[in-house]
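Chain and residue survey
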Amino acid sequence: MAAHLSYGRVNLNVLREAVRRELREFLDKCAGSKAIVWDEYLTGPFGLIAQYSLLKEHEVEKMFTLKGSRLPAADVKNIIFFVRPRLELMDIIAENVLSEDRRGPTRDFHILFVPRRSLLCEQRLKDLGVLGSFIHREEYSLDLIPFDGDLLSMESEGAFKECYLESDQTSLYHAAKGLMTLQALYGTIPQIFGKGECARQVANMMIRMKREFTGSQNSIFPVFDNLLLLDRNVDLLTPLATQLTYEGLIDEIYGIQNSYVKLPPEKFAPKKQGDGGKDLPTEAKKLQLNSAEELYAEIRDKNFNAVGSVLSKRAKVISAAFEERHNAKTVGEIKQFVSQLPHMQAARGSLANHTSIAELIKDVTTSEDFFDKLTVEQEFMSGVDTDKTYGYEHILTLYNLEKAGLLKPQTGGRNNYPTIRKTLRLWMDDVNEQNPTDISYVYSGYAPLSVRLAQLLSRPGWRSIEEVLRILPGPHFEERQPLPTGLQKKRQPGENRVTLIFFLGGVTFAEIAALRFLSQLEDGGTEYVIATTKLMNGSSWIESLMEKPF
Amino acid sequence: MDCYTANWNPLGDSAFYRKYELYSMDWDLKEELRDCLVAAAPYGGPIALLRNPWRKEKATSIRPVLEIYSASGLPLASLLWKSGPVVSLGWSAEEELLCVQEDGVVLVYGLHGDFRRHFSMGNEVLQNRVLDARIFHTEFGSGLAILTGAHRFTLSANVGDLKLRRMPEVPGLQSAPSCWTTLCQDRVAHILLAVGPDLYLLDHAACSAVTLPGLAPGVSSFLQMAVSFTYRHLALFTDTGYIWMGTSSLKEKLCEFNCNIRAPPKQMVWCSRPRSKERAVVVAWERRLMVVGDAPESIQFVLDEDSYLVPELDGVRIFSRSTHEFLHEVPVASEEIFKIASMAPGALLLEAQKEYEKESQKADEYLREIQELGQLTQAVQQCIEAAGHEHRPDMQKSLLRAASFGKCFLDKFPPDSFVRMCQDLRVLNAIRDYHIGIPLTYSQYKQLTIQVLLDRLVLRRLYPLAIQICEYLRLPEVQGVSRILAHWACYKVQQKDVSDEDVARAINQKLGDTPGVSYSDIAARAYGCGRTELAIKLLEYEPRSGEQVPLLLKMKRSKLALSKAIESGDTDLVFTVLLHLKNELNRGDFFMTLRNQPMALSLYRQFCKHQELETLKDLYNQDDNHQELGSFHIRASYAAEERIEGRVAALQTAADAFYKAKNEFAAKATEDQMRLLRLQRRLEDELGGHFVDLSLHDTVTTLILGGHSKRAEQLARDFRIPDKRLWWLKLTALADLEDWEELEKFSKSKKSPIGYLPFVEICMKQHNKYEAKKYASRVGPEQKVKALLLVGDVAQAADVAIEHRNEAELSLVLSHCTGATDGATADKIQRARAQAQKK
């Protein structure tokens, strides 16, 4: 079910199993039949941890969405609220509980706070007079959710806004907690690097938390060699560029949510003979995208222009494989063919899906609009004046963007971008989209700054780019977490280091693709596991910063 | 070894009882034991003495003294009793002394005579006074049963969680029962009482008369009852000198005995060992002690002095002015080994080892004998087990030596049992020492568990010994050393004669960063003793902010709590402190506090944004944050105001704020918006339709779409929309309307500032090639090719491109040449290219 999590250099299934165990333990604490009332935002992330079957095994019979007034009727012993610790949600819960009490048989109420219990919320429940109604009030530390064999996300939508706009460190605290959980499972990370104000804070919190746990000496052999904490505001530019990898484009155009994408159904209509196309499916086609799917794993990080050739090559291989049956003569051969059939059929289905998706994307990328947008992007980067107008309702958004450092009133100050671009080689003219030699292939020319920083850290080290680091916002730093001698690693010659890179404020699929590209380089020396507060793209990011007064 | 069994007394055919000295007591008793209320805690616990107020022979003018001693007679506490007359004393399972006063008030003291708390057994008890009281121990804790002057019982099953239960009345009861006891069955406490020849059982619902199965006739009264340590057995002593022994369920008689002494015994207690088949009770009179069981004969001892019996799990302790003894049934392993002429494997092994030490070949003979029977393993086990039951270290050693000797001749004898016994005995010998005075037997020790034993050492403030034991047994730090150190620290903070600095330093020096030590617990204790400054100093050592902050709040050090919370990065904690501060301080002070803590301030702003908008405004005002005030009023203008006038007024406030913030852009934009709003309102009034809150561009577009071109142009002039942009708006709107006629008129109104290519594009977008072609001809030369291609006139495009001799244009046209129709054109271009190259 989650085997793809264990394919990577670091077995992230260990983390998934740990959080599943925690969930089961909590459910078993509330003996008897249960109904779960969900904070709707949590259902997506929870889907990656536990399917309904797991909940069912632990006597969860009903599921509702948290909303005002009464709870729907359910003949269960326990009602459990799964919520984020937010005051407005507490008000709704109180409403639910109070209207429940007036109706007949009493039920046991419980609250599971995700990811952290909150005194503030409990105080609110107390003020509303319902705190005593809850038998179990616990927290479920679901901070980092494993998305793929090398990818973890907190899926915290507001993280960037909170950190950079509202100076609210809540999500940084959760990030630090998540890193502590990771270290408890995968060993203390001996070296921490970071760039940016938030990175500094997370590192400080981690060091502090480590002091709180002095009692339990971690005796796990460290899996990660380094941790690199990067503030999103060190590189505000990259997410704004249109991602040109396959996965990046799917996200740009259709939006990937918790590893699922919803696509227009027309292209996925089952091809039946004699079907006049009368009953086309109307519901969006929902597909899960992760490296469990062999073909997707191969093409997800490629530049879109290189995807077509892979698909057609794959088509040939598959049809050749199906042709094999004509060559199967003996019973043994036929048996062998049949045994491979399910795998082949799955491969064929996967190919059909991705061919359809590629067609959908192609329609978009060859359109004038798309071309114009890319042109404008390039104009922005090259500094051509453009004339933009906004309605007055965006004035608050504009101010937000300015505060976050995304917009600057034109002043006479020195423009540092050329220096940065030159030193970090952010623009590569000779991009090979088919067989890339540099990370710039993910944007067909532009090399994401964030990933370049990671690359330079691993080789030759940040000392070589001190000047640029000083221009970029926030401090850069290095911390060591001493290990007992028994746990110190002796690296085999040729063995790659493993770096956990944490993007505070979000990361795009193109950046992930670039990091995977670095991991795969034969002489790269470093493999990356990526963590972030949120998987995002330019539009979802700007949207999170928008504020419309009505 | 003959002398070894000298103190063994047989009871019947199958059991021996022995009595040995634990301590010789040199407590300097001022009173005779018989003149005192005496309470001795089980498991070798402390002894409390208080002169009995009911004995009036002595002068009562002197206040009695409450004295507490260790089991070895060392004084632990001595205090003048200043409260009311005490009826009964007893120890709780936590070794707290309960002093039950006549008025039903129970005073609770610690082991060292420190007053802990008091509670009352209720009004009924207060009115009728306490006649008698018993403290009893169950799995739920320590219970207390009271017999009142009205011959009614009140009971609490657990004094730690006081719930009083008044037991039902015994019908027709006129006088106090001759004897009574508490029973514990099915986790519920009952009372069994005897009135004359009758027995009654009280549970919480009813009173029922009960009879004893197989009770000998002629009984007219019961003088004593005793329930066993585990509540399983019951014994009654009758006025005929007859003892009935049976199960406490009263369903079965086990045995009976007639001792022919009719004098009421002073005490009667059970003496049995867990898992033993033997049942025996010990009965004490003034000068006589008798062990009776299922045997025709009893064992008798003479008591030289006034003595007091303490029932234990596996025997009875007997102490007097000069000695403290233990009486118990000899355990099986010891019996097997030491019984005269025993041929048990353990006995032979012990002999073999002795001979071996004497360097005699008999050692080999004995060993051979055991091995031939294949009983060497059993022999070793017997010796180990018997060692555990020996009180004297020399005997323990000799048995362990024998076991060790036997082990040498065995392959793969698992070493744990031997090692563990050595460790356990070492611990036991240490605590049995006279200075410590906890005479636990091996069985009691195992029942009590090491954790509880450590707690008891802590209670006695024997911290170093407790730590030594932890280290010796290699207990995990959190359960062992850390816990002891934490207790020590909690005791240390109560030493009022030492300065805060010294205490804090001493504690930190000892505890350091020992895992599992909670500095906040220690600080809480210090605060409990009224030492707030010390508590704060101790909290500095606490690494967990989650623990620091609540206590700081409790101690009203909210500002310190705030900075600690901020340090932790835990925003929830910060919020908690903030809300606390908000209630505690007046508004001005609260804001000032926030001002010095930017992180807290921004969090509080977020809180206000969602919960208390007005406060948010005040915060911005205080900080002269005009930019945010401006934004605030913009939000207010949209959210709170319905009427245009109100909205415009709010925007005016916003604009003023922006000017103060020197944000000209926002101020101007806001003023423009005010103008626009007023104008939109007027448009709605005059033209109908919806205009309010449209953007300027949308307003213009809407006007054009509605056919109000003049108004649109006026608006554009008023708001200084650049010509270029107005043309775009008009062009788009007219094309949307598909008003081609008007569009053409518009295009001819003057020279287009945006050229004519957009006209072509927009017509094509509406799929109107005919109209598009009209404009294509007017497109300027540099965009002509593109325009012609758009309308599909490839041939003419080619001509123009050739005329321009522009390579890029040529390629563009070529890329549009598709199929056969454009073949000629393509050739033409190729030729033109070739020519161009020739030149």
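Residue positions within a chain follow its written sequence, with the count starting from 1. Lettering of chains starts at A and numbering of ligands starts at 1, both following the order in which they are written. The predicted origin of the model limits local features to residues at a pLDDT of at least 70 and limits the giving and counting of side-chain atom pairs to 80 or more, whereas totals for whole chains, interfaces and linings rest on all residues. To get the side-chain values, take all heavy atoms of the structure and skip hydrogens and water.

Take the overall build of chain A next. Think of it this way: any DSSP run of H or I at least four residues long counts as a helix, any run of E at least two long counts as a strand, and we number them from the N terminus. Along the backbone of chain A there are 19 helices and 15 strands. The globule rule is 2.2 Å times the number of residues to the power 0.38, and the radius of gyration it is compared with is taken over C-alpha atoms. Here the C-alpha radius of gyration of chain A, 26 Å, is about what a compact globule of 550 residues would show, namely 24 Å. For chain A, the C-alpha atoms occupy an extent of roughly 75 × 70 × 65 Å along the three principal directions. The contacts in chain A between residues at least 6 apart in sequence include a share of 79% that link residues at least 24 apart. Each accessible area value is a Shrake-Rupley result obtained with a 1.4 Å probe; residue values ignore everything except the protein chains displayed when judging cover. Element-wise, carbon and sulfur atoms account for 51% of the exposed surface of chain A, whose accessible area totals about 26100 Å². Residues scored as charged are limited to Lys and Arg (positive) and Asp and Glu (negative), so that His and the chain ends carry no count. Throughout, a charge is located at the NZ atom of Lys, the CZ atom of Arg, the CG atom of Asp or the CD atom of Glu. Here chain A carries 67 positive and 73 negative side-chain charges, and the mean point of each set is 4 Å from the other. Residues count as neighbours in contact if any of their non-hydrogen atoms are within 4.5 Å of one another.

The next thing to look at is the overall build of chain B. Scanning chain B from N- to C-terminus turns up 33 helices and 29 strands. Scaling as 2.2 N^0.38, a compact globule of 839 residues should have a C-alpha radius of gyration of about 28 Å, whereas chain B reaches 50 Å, well beyond that. Projecting the C-alpha coordinates of chain B onto the three principal axes gives extents of approximately 140 × 75 × 60 Å. Here the term buried applies to any residue with accessible area under 20% of the maximum for its type, exposed to any over 50%, and partly exposed to those in between, with areas from a 1.4 Å probe on protein chains only. A buried classification covers 53% of the 839 residues belonging to chain B. Residue pairs in contact within chain B that sit at least 24 positions apart in sequence constitute 49% of those at least 6 positions apart. Total accessible area on chain B is roughly 39200 Å²; 49% of this is exposed by carbon and sulfur atoms. Treating the 104 positive side-chain charges of chain B as one cloud and the 110 negative ones as another, the clouds have centres 6 Å apart.

As a further point, take the pattern of salt bridges. Note on definitions: salt bridges are taken to be side-chain nitrogens of Lys or Arg within 4 Å of carboxyl oxygens of Asp or Glu. Here the structure, examined in full by the defined rule, presents 77 salt bridges over all chains. R480 of chain A serves as the salt-bridge partner of E478 of chain A, at 3.4 Å between the closest nitrogen and oxygen. For E478 of chain A, a relative accessible area of 41% puts it in the partly exposed group. Across the pair R647 of chain B and D693 of chain B runs a salt bridge whose closest N-O atoms are separated by 2.9 Å. Taken together, the residues R647 of chain B in helix α22 (residues 644-660) and D693 of chain B in the loop between α23 (664-687) and α24 (696-705) connect sequence positions 46 residues apart. On the accessibility criterion, D693 of chain B (23% relative accessible area) is partly exposed. Shared partners join several salt bridges into a network, and the residues in it are D148, D150, E247, R300, D301 and R516 of chain A.

Further remarks concern the sheet that holds strand β24 (residues 280-284) of chain B. All names here are of chain B. For two strands to be treated as a pair, DSSP must find at least two bridges joining them. In space, the 4 strands of this open sheet follow the order β23-β24-β25-β26, with antiparallel pairing throughout. If you trace the sheet from one side to the other, it starts and ends with β23 (267-270) and β26 (299-302), each paired once. Averaged over all pairs of adjacent strands, the angle between their axes in this sheet comes to 15 degrees, without regard to strand direction. As defined by bridge partners, β24 adjoins strand β25 (residues 288-293) across 5 bridges and the pair is classed as antiparallel. The residue of β25 that forms the bridge with V281 is V292. Here an axis means a line fitted to C-alpha atoms, over the contact stretch when the element is a helix, while the angle between two N-to-C directions is reported on a 0 to 180 degree scale.

By size, the foremost hydrophobic cluster in this structure holds 132 residues, and its most contacted members are F81 and I93 of chain A together with L349, I431 and I507 of chain B. Those residues in contact with F81 of chain A that lie beyond four places of it in its chain are V37, L66, L71, I93, N96, V97, F109, H110, I111, L112 and F134 of chain A. By convention a nonpolar core is built from buried Ala, Val, Leu, Ile, Met, Phe, Trp, Tyr and Cys residues, the set being connected through side-chain atoms within 4.5 Å. Counting 90 residues, the second largest nonpolar core, distinct from the first, contains A50, L289, I357 and V468 of chain A.

As defined by bridge partners, strand β5 (residues 65-69) of chain B adjoins strand β6 (residues 75-80) of chain B across 5 bridges and the pair is classed as antiparallel. The residue bridging V65 of chain B from the neighbouring strand is L80 of chain B, located in β6 of chain B.

The subject of this paragraph is the UniProt feature "coiled-coil region" (unreviewed entry) in chain B. According to UniProt, the "coiled-coil region" (unreviewed entry) feature falls on residues 349-376 of chain B. As a span, residues 349-376 of chain B carries 75% helix and 0% strand, and end to end its C-alpha atoms are 8 Å apart. UniProt positions are given in the numbering used here, feature names are shortened, and annotations may be inferred rather than shown by experiment.

The interface of chain B with chain A comprises 37 residues on the first partner and 31 residues on the second. With both sides pooled, the region where chain B packs onto chain A buries about 3000 Å², and carbon together with sulfur makes up 57% of that total. In this structure, the connection of chain B to chain A is made through 2 salt bridges. Salt-bridge contacts for R208 of chain A lead to E567 of chain B; the nearest nitrogen and oxygen are separated by 3.5 Å. Contributing elements (two or more residues each) for the side of chain B that touches chain A: α15 (545-554), α16 (558-568), α17 (571-584), α19 (598-611), α21 (626-639) and α23 of chain B. Buried surface area refers to the total accessible area, computed with a probe of radius 1.4 Å, that the two partners give up upon joining, counted for both partners together.

Next up on the list: the state of the cysteines. Residues and elements named next belong to chain B. In this description, a disulfide is simply a cysteine sulfur pair whose atoms lie within 2.5 Å. Within this structure, the stated rule accounts for 0 disulfides over all chains. Just so you know, C36 is unpaired, no disulfide at all, and the nearest cysteine sulfur is the one on C99, 13 Å from it. Accessibility expressed as a relative area gives 12% for C36, which makes it buried.

Attention now goes to helix α32 (residues 807-816) of chain B. All names here are of chain B. Within α32 the residues assigned to the buried category are E809, L810 and V813. On an axial view of α32, the arc spanned by its buried residues comes to 100 degrees, and they lie on one face. Those residues of α32 that are exposed and aimed more than 90 degrees away from the buried face are A808 and S815. Each C-beta atom gives one direction from the helix axis, and the arc is the one those directions make.

Residues and elements named next belong to chain B. In contact at an axis separation of 9 Å, helix α10 (residues 463-472) and helix α11 (residues 481-492) are set at 170 degrees when each is read in the N-to-C sense. Classified by the angle between their axes, α10 and α11 sit roughly antiparallel to one another. Only V481, I484, L485, H487, W488 and Y491 of α11 make contact with α10, whose side of the interface consists of Y463, A466, I467, C470 and E471. For this classification, the nonpolar set comprises Ala, Val, Leu, Ile, Met, Phe, Trp, Tyr, Cys and Pro, the charged set comprises Asp, Glu, Lys and Arg, and every other residue, Gly included, is treated as polar. Class assignment for the residues of the contact of α10 with α11 results in 9 nonpolar, 1 polar and 1 charged. Working definition: roughly parallel below 35 degrees, roughly antiparallel above 145 degrees, roughly perpendicular at 65 to 115 degrees, and oblique for all remaining angles.

Turning our attention to the confidence of the model for chain B. Scored by pLDDT, chain B has a mean of 88; 98% of the residues are at 70 or more. Predicted complex metrics record ipTM = 0.84 and pTM = 0.72. On a range of 0 to 100, pLDDT expresses the predictor's confidence in each residue.

The next point concerns the environment of T181 of chain A. As for its placement among the helices and strands, T181 of chain A is situated in helix α7 (residues 170-186). When its relative accessible area of 30% is taken as the criterion, T181 of chain A is described as partly exposed.

In helix packing, the relevant descriptors are the interaxial angle and the interaxial distance, both defined with respect to the helix axes. All names here are of chain B. It is the contact of α21 with α22, at a shortest axis distance of 8 Å, that shows an interaxial angle of 170 degrees. Here α22 runs roughly antiparallel to α21, going by the angle between their axes. For the pair formed by α21 and α22, the contact residues are H626, Q627, L629, G630, S631, H633, I634, S637 and Y638 on the first element and R647, A650, L651, T653, A654, A657, F658 and K660 on the second.

This part takes up the sheet that holds strand β13 (residues 153-156) of chain B. Residue and element names in this part refer to chain B. Pairing within the open sheet is antiparallel, and its 4 strands lie in the order β11-β12-β13-β14. At either margin of the open sheet sits one strand with a lone partner, and together these are β11 (130-138) and β14 (164-166). The average angle at which neighbouring strand axes cross in this sheet is 20 degrees, direction not considered. Note: β11 against strand β12 (residues 141-148), 8 bridges, orientation antiparallel. Its bridge partner being in β12, D132 is matched across the sheet by L147.

Across the junction of V114 of chain A and P115 of chain A, the peptide omega takes the value 0 degrees, indicating a cis bond. Summarising the element assignment, P115 of chain A is placed in the loop between β4 (108-113) and α5 (119-127). Located in the positive-phi region is R720 of chain B, a residue other than glycine, with phi close to 50 degrees. The topology assignment puts R720 of chain B in the loop between α25 (709-718) and α26 (723-737). What makes R720 of chain B exposed here is its relative accessible area of 71%. A positive phi is found at H767 of chain B, a non-glycine position, where the angle reads about 60 degrees. Positionally, H767 of chain B belongs in the loop between α28 (757-765) and α29 (769-776). We classify H767 of chain B as exposed; its relative accessible area is 72%.

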